[in-house]
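Now for the letters of each chain:
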Amino acid sequence: MKQKEQLISHIEKEREILNGLLSSGAKVEEVYRQSLIVDRLIEQYMMAE
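Residues numbered from 1 in each chain as written. Predicted model: local features only at pLDDT ≥ 70, side-chain atom pairs only at ≥ 80, totals over all residues. Heavy atoms only, no water.

A. Region of the structure containing the overall build of the protein chain. Helices and strands together make up the secondary structure of the protein chain, namely two helices and zero strands. Counting only C-alpha atoms, the protein chain reaches 35 × 15 × 10 Å along its principal axes. Here the protein chain, with 49 residues, has 22% of them falling under the buried criterion. Between the mean site of the 7 positive side-chain charges and the mean site of the 9 negative ones, the protein chain shows a separation of 3 Å. (Helix = DSSP H or I, 4+ residues; strand = E, 2+ residues; numbered from the N terminus. Buried < 20%, exposed > 50% of the residue type's maximum accessible area, 1.4 Å probe, protein only. Lys, Arg positive; Asp, Glu negative; His and termini not counted. Charge placed at Lys NZ, Arg CZ, Asp CG, Glu CD.)

Following this line, the structure appears as structure tokens:
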């Protein structure tokens, strides 16, 4: 269970970064790269036991 809790925390942190990029009008490439990070973390969360 601890792994899932850590992943949740990490996902929240990375989503905050993504939201900041979106609100600041960052380049599409930066937003896309950050969204991939969030997606990978969510996949890890879904696979975690």
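B. Examining the side chain of Q34 more closely. One can find Q34 in helix 2 (residues 28–47). Apart from the residues within four sequence positions on either side, Q34 is in contact with E14, I17, L18 and L21. (Contact = heavy atoms within 4.5 Å.)

C. The environment of R40, seen in detail. Relative to the assigned elements, R40 resides in helix 2. Remark: the alpha-carbon pair of R40 and K27, spanning 13 residues in sequence, is separated by 20 Å.

D. Layout of the side chain of E14. Along the polypeptide, E14 turns up in helix 1 (residues 2–24). In this structure, E14 is buried with no salt-bridge partner, the nearest side chain bearing the opposite charge being K13 at 4.5 Å. Once you skip the residues sitting within four places of it in the chain, E14 turns out to touch Q34, I37, V38 and L41. (Salt bridge = Lys/Arg side-chain N within 4 Å of Asp/Glu carboxyl O.)

E. Structural detail: helix 2. Between its terminal C-alpha atoms helix 2 stretches 28 Å, which fits the 28 Å expected from 20 residues at 1.5 Å a residue. Along helix 2, the positions that sit buried rather than exposed are V31, Q34, S35, V38 and L41. Along the axis of helix 2, the buried residues cluster in a sector spanning 120°; they form a single face. Facing away from the buried side of helix 2 by more than 90 degrees, the exposed set consists of V28, E29, Y32, R33, E43 and M47. Elements in contact with the buried residues of helix 2: helix 1. (Expected span 1.5 Å × (residues − 1). Arc of directions from axis to C-beta.)

Interpretation in functional terms is not warranted from these geometric data alone.
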